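Below, each chain spelled out in residue letters.
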Amino acid sequence: MALSKNKIKYIRSLDLKKNRREEKVFLAEGPKLIAELQGHYRCRLLAATEEWLKMHPNIKADETLEVSSEELSRASLLKTPQQVLGIFEQPNFSLSKDVLNHSLCLGLDDIQDPGNLGTIIRLADWFGIEYIFCSPNTVDVYSPKTIQASMGGIARVKVCYVPLENLIILETDIPVYGTFLNGENIYEQSLSQNGLIIMGNEGKGISQKIESLINRKLYIPNYPSQRETSESLNVAIATAVVCAEFRRQAAFSQNRKGTGEKL
């Protein structure tokens, strides 16, 4: 069955947050992303070329449409459409209250760029961070640009929206980290294997309200330290550096335990 004008209009309408929220769905495009999402989220509609469908005979969707490349191009939000697109149901997560006590999580304070959010989700997936808590003003995780930038990480990382101050106040004993120019050198600190890492807005950084609740301030040093350099790192790059150091220390600690060496 071909893509009708109404179907094309519906697919393209999901570029708007209000429509995604009303329908409780999100749009994903491309073979890799569709393959990652299969089995994690219910697919309401799948539109793909004949060639792609023949290569994936066991694909599951409520409705599957075989379409031409031209039809796919008219429906796609990408500059270069990629054989297949799908409309998936947004998940409804129920979180354990003590997740911060036994795992490392990310908190995003008003991140505005969908590409940055998607990249951070991808990084969280890479470093085994299963939960990201976003402030209410953080960009919508189901934006098509965020979904594409996550490169499938959205299938394994749970993203929840909550006032970060409420989350921190509820868990008063957990370590809460944030990066600041006046923080302590991250490479000289002993980092925990649980808690919350706060990453701030692209232009304003971490808000004063959230900063007052952070109990462990970190600094990512430039190299060499005396050299004139950029004022700050992109938030996604900073997230990568911070997560890498947390996981490096965790792996080092595990290796020492495995050898019986005293910590």
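So, here is what we can say about the structure in this document.

What counts, and where the lines are drawn
Residue positions are counted from 1 within each chain, in the order its sequence is given. Residue-level local features of this predicted model are given only where pLDDT is at least 70; pairs of side-chain atoms are given and counted only at 80 or more, and the full residue set underlies all totals for whole chains, interfaces and linings. Working from all heavy atoms in the structure, the side-chain values ignore hydrogens and water. Throughout this description, the term nonpolar core refers to a set of buried Ala, Val, Leu, Ile, Met, Phe, Trp, Tyr and Cys residues connected via side-chain atoms within 4.5 Å. When a residue's accessible area, from a 1.4 Å probe over protein chains only, is under 20% of the maximum for its type it is buried; when over 50% it is exposed; and in between it is partly exposed. Numbering goes from the N terminus for both helices and strands, where a helix is a DSSP run of H or I of at least four residues and a strand is a run of E of at least two. Note on contacts: a residue pair is in contact if any heavy atoms of the two residues lie within 4.5 Å. A pair of strands counts as paired when DSSP detects no fewer than two bridges linking them. Here an axis means a line fitted to C-alpha atoms, over the contact stretch when the element is a helix, while the angle between two N-to-C directions is reported on a 0 to 180 degree scale. Salt bridges are counted wherever a side-chain nitrogen of Lys or Arg sits within 4 Å of a carboxyl oxygen of Asp or Glu. Counted as a polar contact is a pair of N or O atoms within 3.5 Å, where, for protein atoms, one must be capable of donating a hydrogen and the other of accepting one, and residues adjacent in sequence contribute only when both atoms are in side chains. Any two cysteine sulfur atoms lying within 2.5 Å of each other are counted as a disulfide. Pairs were defined over the aromatic rings of Phe, Tyr and Trp, the Trp ring being its six-membered one, requiring ring centres within 6.5 Å. Orientation was assigned from the angle between planes: stacked under 30 degrees, edge-to-face over 60, tilted for the rest.

**A closer look at the nonpolar core**
Here is step 1: Core analysis: the biggest nonpolar cluster contains 47 residues, and Leu37 and Ile132 have the highest contact counts within it.
Here is step 2: Ranked by residues supplied to this core, first place goes to helix 11 (residues 235-259) with 6 residues.
Here is step 3: Apart from the residues within four sequence positions on either side, Ile132 is in contact with Leu106, Leu108, Ile120, Ile121, Ala124, Val157, Lys158, Val159 and Cys160.
Here is step 4: Core analysis: the next-biggest nonpolar cluster, separate from the first, contains 17 residues, Tyr131, Leu167, Phe180 and Leu196 among them.

**Regarding unusual backbone geometry**
Here is step 1: In the Ramachandran plot, Gln83 falls in the positive-phi region, its phi being about 65° despite a non-glycine side chain.
Here is step 2: Along the chain, the position of Gln83 falls in the loop between helix 5 (69-75) and strand 4 (84-89).
Here is step 3: Despite not being glycine, Asp110 has its phi angle at roughly 65°, a positive value.
Here is step 4: On the secondary structure map, Asp110 appears in the loop between strand 5 (104-108) and helix 7 (114-126).
Here is step 5: Its relative accessible area of 24% is what places Asp110 among the partly exposed residues.

**Thoughts on the sheet that holds strand 7 (residues 158-161)**
Here is step 1: Taken together, 6 strands build an open sheet; the order of strands is 7-6-5-9-8-10 and the sheet is parallel. Edge positions in the sheet fall to strand 7 and strand 10 (216-219), since each has one partner strand and no second. Pairwise comparison of adjacent strand axes, ignoring direction, gives a mean angle of 35° for this sheet.
Here is step 2: Of the strand pairs in this sheet, strand 5 and strand 6 (residues 131-134) are connected by 3 bridges, and their pairing is parallel. Across the sheet, the residue bridging to Gly107 is Phe133, located in strand 6.

**Things to note about the pattern of salt bridges**
Here is step 1: On inspection of all chains with the given rule, the structure shows 13 salt bridges.
Here is step 2: Arg156 is the salt-bridge partner of Asp125, the closest N and O atoms lying 2.9 Å from each other. Linking Asp125 in helix 7 with Arg156 in the loop between helix 8 (144-149) and strand 7, this pair joins segments that are 31 residues apart in sequence.
Here is step 3: The class for Asp125 is partly exposed, based on a relative accessible area of 24%.
Here is step 4: Among the charged side chains, a network of salt bridges with common partners joins Lys32, Glu36, Asp125 and Arg156.

**A few points about the side chain of Gln249**
Here is step 1: With respect to the secondary-structure elements, Gln249 resides in helix 11.
Here is step 2: Within the local environment of Gln249, its side chain forms a polar contact with the side chain of Glu245, the two groups lying 3.0 Å apart.
Here is step 3: Setting aside residues no more than four positions away along its own chain, Gln249 makes contact with Ile186, Gln189, Ser190 and Leu191.

**Some points on the environment of Gly115**
Here is step 1: In this structure, Gly115 sits in helix 7.
Here is step 2: Taking C-alpha positions, Gly115 is 27 Å from Gly183, a pair spaced 68 residues apart along the chain.

**A word on the state of the cysteines**
Here is step 1: Applying the stated criterion across every chain, the model contains 0 disulfides.
Here is step 2: Cysteine Cys160 remains unbridged, with the sulfur of Cys134 as its closest cysteine sulfur at 8.2 Å.

**Let's talk about the packing of aromatic side chains**
Here is step 1: Applying the stated criterion across every chain, the model contains 4 aromatic pairs.
Here is step 2: A ring pair is formed by Phe26 and Tyr41, whose centres lie 5.5 Å apart and whose planes are at 90°; its orientation type is edge-to-face. On the criterion of sequence distance, the pair formed by Phe26 in strand 1 (residues 25-29) and Tyr41 in the loop between helix 3 (31-37) and strand 2 (43-48) is long-range, its members being 15 residues apart. Note on accessibility: Phe26 and Tyr41 belong to one class, buried.
Here is step 3: Consider the rings of Tyr177 and Phe246, whose centres lie 4.8 Å apart with planes at 85°: the pair is edge-to-face. Highlighted residues: Tyr177 in strand 8 (residues 176-185) and Phe246 in helix 11, separated in sequence by 69 residues.

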